[in-house]
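Structural description and commentary
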4 protein chains.
Amino acid sequence: MNNVWTDLAIEARDMYTKENKRELDGVIVDEEFEDDIKITTVTIESDEAGEELGKPKGNYITIDFPEITHYDGETMDKVSKVVDNVLVRLIDAPEEKTALVVGLGNWNVTPDALGPRVTEKIMVTRHLKQVMPDAIDDSVRPVCCISPGVLGITGIETGEVIKGLVERVKPDFVICIDALGSRKLERVNRTIQISDSGISPGAGVGNHRMKINEESLGVKVIAIGVPTVVHAATIANDTIDLVIDELSRQAKSGTEFYKMLSSMDRMEKNNLIREILNPSFGDLMVTPKEVDTVVESLSKVIANGINMAIQPNLDMEDINKFMN
Amino acid sequence: MNNVWTDLAIEARDMYTKENKRELDGVIVDEEFEDDIKITTVTIESDEAGEELGKPKGNYITIDFPEITHYDGETMDKVSKVVDNVLVRLIDAPEEKTALVVGLGNWNVTPDALGPRVTEKIMVTRHLKQVMPDAIDDSVRPVCCISPGVLGITGIETGEVIKGLVERVKPDFVICIDALGSRKLERVNRTIQISDSGISPGAGVGNHRMKINEESLGVKVIAIGVPTVVHAATIANDTIDLVIDELSRQAKSGTEFYKMLSSMDRMEKNNLIREILNPSFGDLMVTPKEVDTVVESLSKVIANGINMAIQPNLDMEDINKFMN
Amino acid sequence: MNNVWTDLAIEARDMYTKENKRELDGVIVDEEFEDDIKITTVTIESDEAGEELGKPKGNYITIDFPEITHYDGETMDKVSKVVDNVLVRLIDAPEEKTALVVGLGNWNVTPDALGPRVTEKIMVTRHLKQVMPDAIDDSVRPVCCISPGVLGITGIETGEVIKGLVERVKPDFVICIDALGSRKLERVNRTIQISDSGISPGAGVGNHRMKINEESLGVKVIAIGVPTVVHAATIANDTIDLVIDELSRQAKSGTEFYKMLSSMDRMEKNNLIREILNPSFGDLMVTPKEVDTVVESLSKVIANGINMAIQPNLDMEDINKFMN
Amino acid sequence: MNNVWTDLAIEARDMYTKENKRELDGVIVDEEFEDDIKITTVTIESDEAGEELGKPKGNYITIDFPEITHYDGETMDKVSKVVDNVLVRLIDAPEEKTALVVGLGNWNVTPDALGPRVTEKIMVTRHLKQVMPDAIDDSVRPVCCISPGVLGITGIETGEVIKGLVERVKPDFVICIDALGSRKLERVNRTIQISDSGISPGAGVGNHRMKINEESLGVKVIAIGVPTVVHAATIANDTIDLVIDELSRQAKSGTEFYKMLSSMDRMEKNNLIREILNPSFGDLMVTPKEVDTVVESLSKVIANGINMAIQPNLDMEDINKFMN
């Protein structure tokens, strides 16, 4: 999976299924539709299946939606509602339990700024319940949030900052938002993955080495991610595959040429990719030009979904009033 | 001290001395000059003296300098050097000991953004020593930093965020930078206070309720502050005093009028101030129009001073190279 | 009017009326209420009246509203609707006419950032009508916008930038948004002034020396301003007045003391104020601590009002969809 | 040149030379070295040559330097000095002539923010010469600057904003800074192109359709650009070429297979690329993860070079003092 990195469980599963022509044991897949929004739940039930797919055991709910544009607030609202529904199911904690919302990523790099942009839009209430308890109804959940920055800015592993905070603040659950890397361009900025298995160390836009999950933090961790980039190596890899497929289609089966194409192995491909991406193999990301407006739109969609899910006793209008 | 709030120990001491015509017991004051920069050390030796002045026991070094302008990089360098010297004395920790630099305050409010602006300019090395130890010389101190935001943004007391982080990262000392409130306009943006007694809960620009000091964090805490505002109540208070002084000078001693002026008490003054500042008594700050450029300049001066002090084996040129 | 600067016509008129116990000739005042929102129209009909009040001839509509808080989206919507109504009356241009929206002020200084924050939220359509005419309905007005920065950032008078742009783009009308200075704290962040007389050179937060009005630009100019600061000199002035009033109340009429109080003249007051505000007389502003959230809220209120007014064929929902 | 877009004249020339095994008529190339910095001047002398290369007639000086890292302030200073030297030659205007510096690009998209980041660091003096002539020496050139934003933000063509401004301010020359697209990854963030032929409408990061050059503005225009991205189509194109080259090397000349490889034409390649980059063909950019720190470093290098070049009577120390 070297050259085709994905942070999405659904893509890891799709690659396995395509290669092996069957579902992996220990993996259950369920699909639903909400108009033109597709909701796929990939449940990884065993550690072996998790290892095979490179994702820890758990539930991964993927929300695929049509491109969100400047002109389509209706689709945005529908996606927020789906995010709300999925989160409510995963959170499952009474309204007096405290939520900590964490925006991962680097606010200085547009495609990595999704997490911090979401936290700016979260309805923060924990301090109000302490400072002016009368102003806030009992039915409002205490919510706090932080954007801890990235290793290069702070010199501290993101996981360490969060671990320290969780030990002090003792939230009942944590919601992390992060920008991800997908293996397919068509998913970039069109997919939201929500999972209860935390954030694994990976090759998203940033690099969060220390795992952020229930095991490391001691409380439930829900991770929300959106692929905002594809790694350049993936583009190069796919291009090679496509060229070889194309040539294979043209070549007569059994010829020397056909054999040569079939025998092109991973090592050879890796060398070609390295040559193309030299000198920065592995650190190049592919992202659309209009990434700023898309990240802003997506951060609203996700923040709305989170706000509704963690404040079940408020409707969108109450939340908007509060946020202004 | 209601209407004349100050975060500066030197001003609290000056007010005491003016009122009582003598130095407070348990307070030692020492003055030095470095060209046109004045360095005053106020040492509060007893808890009683601390209580009287409203500042905890400890050393408070105040650096007063001429206005820093666009055109005077030389003065800026001299002030940085003084900050460096003062810090080196207070830190007194071998170069392998880890430093945590904390930028307090709200990055969205210009006069409160000093702390976050300083941390942006700190040479962060802690992660490099872990990730690529060969690239970094042993003589470089591990340094990390954070701007935790304010209560209204995160819903978490700043002190809690820092306490949690200190417990995880285990730095050997902490340097906090914060914007302060002074009682005199002439000190605004022209004074740096450095102390080893931490940051007390106060009425600076923000409100950091939980004490951030050696007692609460378990490691040495050095606080660096610059008054960037004066409270509006202080302006009103001073105006009243000045008017009464002026009238008293004109009145004949012993007349009814003179008596009336002398008998104007604190309660009466408070009522007048409340009337003027209504409806926002206590939450109004006075700050110069060009606060953005001044805060930027001061954050450079302080960051340079900190970088030199915590990296005694590097000179300014090494640090600049690193930071670019 | 030295020490009590105001950018608000209504305050200039109120000061005149208070001092002279009558309305100024050439000034007409009309008041309406919309629930708890007060709408006052001050019409300055003659150049003489304008000179007396320090404001050019024209209509000044002042919208006074209760404090806008985090918790009151309903009031915000009502204020936006009033802004919309007032603007529609002043604009009076068919929907195919082009609007240029200009955000004046310095985005680096929170209380001066109102204008730039409004332009970020304006529905910009002019380019879409050129680039993809099919996507945009004929009933949508072409709108463009700019935040030209301030003299200290660009080295160019704001008026010059706008004049140059107007000559190229040839809009049919211009809407300018700026942060203002009021003479009363109770108006800060609670008043919106809309006028058809342009922006006069003044002492708001920034300093825009070249007039921006129909005469200088050649097209109709509508100015929207919110006082976000009071000048420190105004606070000092008011304090002096209050102290003298208070003492006068206590003194017996006819005594030497009473005479002294009555004879305290403007020169004397100015000297006192200068002494208090030294060294920065004239450049100090008083603003609430939570200026960041208030400016953000007000920028939404105003942007919503503008968007509705310049797009009469769209409702708020259409506009929100477009803006996401 | 569809799939291998470049904004760099040197790359367009290299592609021509490689394909045609000779220099294009009307093109003169000169190379110099300054330590490890390579300075290549491509002079396009005829309109025909310009058309062939897709670049207007003029001088294009390309500065190629080793990767600039956090740790190498020395190289940064050397590159700034080279930028200074090249600019001085192109500007050739006495010190009393006014300069307008324009930062093109979208400040919200990190790889496109180079221009705005440079203008923030330019020593702006034009207003000082007007407002406080005594403070500024006669030997200081009047300099003003602006970052006009992009079409999507303002609804106005960047060229229109600049044209309007030039007509008002009447500068003697204009320096534009923009982020570019190169065709080779190894040039990304390692090359500065300076030319006297203006900015052509192109496919850099943004899209500036109206030409910004001496012809359109009526004054000399010097353009400074740095490639911060490569288009994804270029990566795909290069990958295809590399795979075919590789297979060709392995195939025996004359075989059917060899012929098939040789006959793969541009149309076929384009279709493959479209398939890979679907659905966003043409709008995808490839950029390194650490783009934020690199753009910041490069903006310093370029701003220093510009400041030195336009202020020949000041040294770097004077400029730094002024800028703080």
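Residues numbered from 1 in each chain as written. Chains lettered and ligands numbered in written order. Predicted model: local features only at pLDDT ≥ 70, side-chain atom pairs only at ≥ 80, totals over all residues. Heavy atoms only, no water.

Heads up, the condition is: UniProt positions are given in the numbering used here, feature names are shortened, and annotations may be inferred rather than shown by experiment.
Chain A appears in an unreviewed UniProt entry as Germination protease from Clostridium sartagoforme. According to UniProt, the comment filed for chain A under the heading Subunit (unreviewed entry) is "Homotetramer." Heading Catalytic activity (unreviewed entry) of the UniProt record for chain A holds this comment: "Endopeptidase action with P4 Glu or Asp, P1 preferably Glu > Asp, P1' hydrophobic and P2' Ala."

**Describing the overall build of chain A**
Threshold: Labels follow the DSSP assignment, with helices taken as runs of H or I lasting at least four residues and strands as runs of E lasting at least two, numbered in each case from the N terminus. Values of the radius of gyration come from C-alpha atoms, whereas the globule rule sets the reference at 2.2 Å times the count of residues to the power 0.38. The buried label applies to any residue whose accessible area, calculated with a 1.4 Å probe on protein chains only, is under 20% of its type's maximum; exposed applies above 50%, and partly exposed to all values in between.
When you go through chain A residue by residue, the secondary structure sums to 13 helices and 9 strands. Computed over its C-alpha atoms, the radius of gyration of chain A comes to 21 Å, within 12% of the 20 Å expected for a compact globule of 324 residues. With the principal axes as the frame, chain A shows a C-alpha extent of 80 × 45 × 40 Å. Evaluated residue by residue, chain A yields a buried proportion of 61% over its 324 residues.

**Overview of a negative patch on the surface**
Selection criterion: To count toward a patch, a residue needs a relative accessible area above 30% and no salt bridge. Like charges then connect within 9 Å, nonpolar side chains (Val, Leu, Ile, Met, Phe, Trp, Tyr) within 5 Å. Calculation of accessible area relied on Shrake-Rupley with a 1.4 Å probe; when residues are assessed, cover is drawn exclusively from the protein chains displayed. Note on definitions: salt bridges are taken to be side-chain nitrogens of Lys or Arg within 4 Å of carboxyl oxygens of Asp or Glu. We treat Lys and Arg as the positive residues and Asp and Glu as the negative residues; His and chain ends play no part in the count. Where a charge lies is defined by one atom per residue type, namely NZ (Lys), CZ (Arg), CG (Asp) and CD (Glu).
There is a patch of like negative charges on the surface, built from Glu19, Glu48, Glu51 and Glu52 of chain A. When residues of the negative patch are assigned to their parent elements, the largest contribution, 3 residues, is made by helix 2 (residues 47–53) of chain A.

**Quick word on the environment of Val102 of chain A**
Residue and element names in this part refer to chain A. Rules: We call two residues contacting when some pair of their heavy atoms lies within 4.5 Å.
With respect to the helices and strands, Val102 occurs in strand 4 (residues 99–103). Sequence separation between Val102 and Pro148 is 46 residues; the distance between their C-alpha atoms is 7.6 Å. Residues contacting Val102, with those up to four places away along its chain left out, are Thr119, Ile146, Pro148, Ile162, Val174, Ile175, Cys176 and Ile177.

**As for the relation of the copies chain A and chain D**
The relation between the two copies of this chain is a rotation about an axis and a shift parallel to it. This is how the line gets drawn: Here the copies are matched by least squares. The fit uses the C-alpha atoms of residues with pLDDT of at least 70 in both.
You can overlay chain A on chain D at an RMSD of 0.1 Å; the transform is a turn of 180° with a shift of 0.0 Å along its axis. Such a combination of rotation and displacement between the chain copies is what one expects of a two-fold axis. For chain A, the minimum C-alpha distance to the rotation axis belongs to Val286 of chain A and amounts to 2.2 Å. A high fraction, 98%, of the interface residues of chain A reappear at the interface in chain D, so the copies pair face to face through one surface.

**A look at the interface of chain A and chain D**
To keep it simple, the criterion reads: As a working definition, buried area equals the accessible area (1.4 Å probe) given up by two parts on being put together, with both sides summed. Side-chain atoms alone can form a polar contact between residues adjacent in sequence; in general such a contact is a pair of N or O atoms within 3.5 Å, and within protein one must be able to donate a hydrogen while the other accepts it. Residue classes follow a fixed rule: Ala, Val, Leu, Ile, Met, Phe, Trp, Tyr, Cys and Pro count as nonpolar, while Asp, Glu, Lys and Arg count as charged, and any other residue, Gly among them, counts as polar. When DSSP finds at least two bridges between two strands, those strands are taken to pair.
Contact residues are listed per partner, giving 47 residues for chain A and 46 residues for chain D. Summed over both sides, the interface of chain A with chain D buries roughly 4,100 Å², with 69% coming from carbon and sulfur. Counting the contacts that link chain A with chain D gives 0 salt bridges. Applying the counting rule to chain A against chain D returns 9 residue pairs in polar contact (both at pLDDT 80 or more). Breaking the side of chain A that touches chain D down by element, the ones donating at least two residues are helix 9 (232–250), helix 10 (256–262), helix 11 (266–277), strand 9 (284–288) and helix 12 (291–310) of chain A. Ranked by the residues each element gives to the side of chain A that touches chain D, the list is headed by helix 9 of chain A, at 10 residues. Among the residues forming the side of chain A that touches chain D, the class breakdown is 25 nonpolar, 12 polar and 10 charged. For strand 9 of chain A and strand 9 (residues 284–288) of chain D, the ladder comprises 5 bridges, and the chain directions are antiparallel. Bridge pairing in strand 9 of chain D links Pro288 of chain A to Leu284 of chain D.

**Digging into the relation of the copies chain B and chain A**
The two copies are related by a screw operation: chain B maps onto chain A through 180° of rotation and 0.0 Å of translation along the axis, at an RMSD of 0.0 Å. Taken together, the interface assignments show that 96% of the residues at the interface of chain B recur at the interface of chain A, consistent with an identical surface on both copies.

**Concerning the packing of helix 9 (residues 232–250) of chain B against helix 11 (residues 266–277) of chain B**
Residue and element names in this part refer to chain B. How we decide: All axes are obtained by fitting lines to C-alpha atoms, using only the stretch in contact for helices, and the reported angles, taken between N-to-C directions, cover 0 to 180 degrees. What sets the label is the angle itself: under 35 degrees gives roughly parallel, over 145 gives roughly antiparallel, 65 to 115 gives roughly perpendicular, and the rest give oblique. Whether a crossing is left-handed or right-handed is set by the direction in which the near helix is turned from the far one by less than a right angle, anticlockwise for left-handed and clockwise for right-handed.
Look at helix 9 against helix 11: their axes get within 10 Å of each other, and the N-to-C directions meet at 125°. One way to sum up the angle between helix 9 and helix 11 is to call them oblique. Note on packing geometry: the crossing formed by helix 9 with helix 11 is right-handed. From helix 9, Ala232, Ala233, Ala236, Asn237, Ile240 and Asp241 reach across to helix 11, where they touch Lys269, Leu272, Ile273 and Leu277. Residues of the contact of helix 9 with helix 11, tallied by class, amount to 7 nonpolar, 1 polar and 2 charged.

**Things to note about the pattern of salt bridges**
All names here are of chain B. Counting across every chain of the model gives 76 salt bridges over all chains. Asp241 is the salt-bridge partner of Lys269, the closest N and O atoms lying 2.7 Å from each other. With Lys269 in helix 11 and Asp241 in helix 9, the pair connects residues that are 28 residues apart, well separated along the chain. Lys269 sits in the buried class, given a relative accessible area of 16%. Taking relative accessible area as the criterion, Asp241 reaches 28% and is therefore assigned partly exposed.

**Describing the interface of chain B and chain A**
Counting residues at the interface gives 25 residues for chain B and 24 residues for chain A. In total, chain B and chain A occlude about 2,000 Å² of area from one another, counting both sides; carbon and sulfur atoms represent 60% of this. Its largest share of buried area at the contact with chain A, chain B owes to Ile156, Glu160 and Arg168 of chain B, together 26% of the area lost on that side. Between the two partners, chain B and chain A, sit 4 salt bridges. Put simply, Glu160 of chain A and Arg126 of chain B hold a salt bridge, and the shortest N to O gap is 3.3 Å. Among the elements that take part in the side of chain B that touches chain A, helix 7 (residues 158–169) of chain B stands out by supplying 8 residues, more than any other.

**Thoughts on the environment of Ile194 of chain D**
Residue and element names in this part refer to chain D. Relative to the elements of secondary structure, Ile194 occurs in strand 7 (residues 191–195). Residue Ile194 is classed as buried on the basis of its relative accessible area, which comes to 0%. As for Ile194 and Val83, which are separated by 111 residues in sequence, their C-alpha atoms are 8.2 Å apart.

**Focus on the domain arrangement of chain A**
Residues and elements named next belong to chain A. Inclusion rule: Domain start and stop points were drawn from an automatic or database domain assignment.
Each domain of chain A was delimited in the assignment, giving domain 1 (9–233 + 284–323) and domain 2 (234–281). The gap between the C-alpha centroids of domain 1 and domain 2 is 35 Å. Contacts between domain 1 and domain 2 engage 8 residues on the former and 9 residues on the latter. The largest share of the area that domain 1 buries against domain 2 comes from Arg183, Ala233 and Leu284, three residues that together contribute 68% of it. Taken together, domain 1 and domain 2 are joined by 1 salt bridge. Between Arg183 and Asp238 there is a salt bridge, with its nearest N and O atoms 2.8 Å apart. Connecting domain 1 to domain 2 are 9 residue pairs in polar contact (both at pLDDT 80 or more). Of all the secondary structure elements, the ones that give two or more residues to the side of domain 1 that touches domain 2 are strand 8 (220–231), helix 9 and strand 9.

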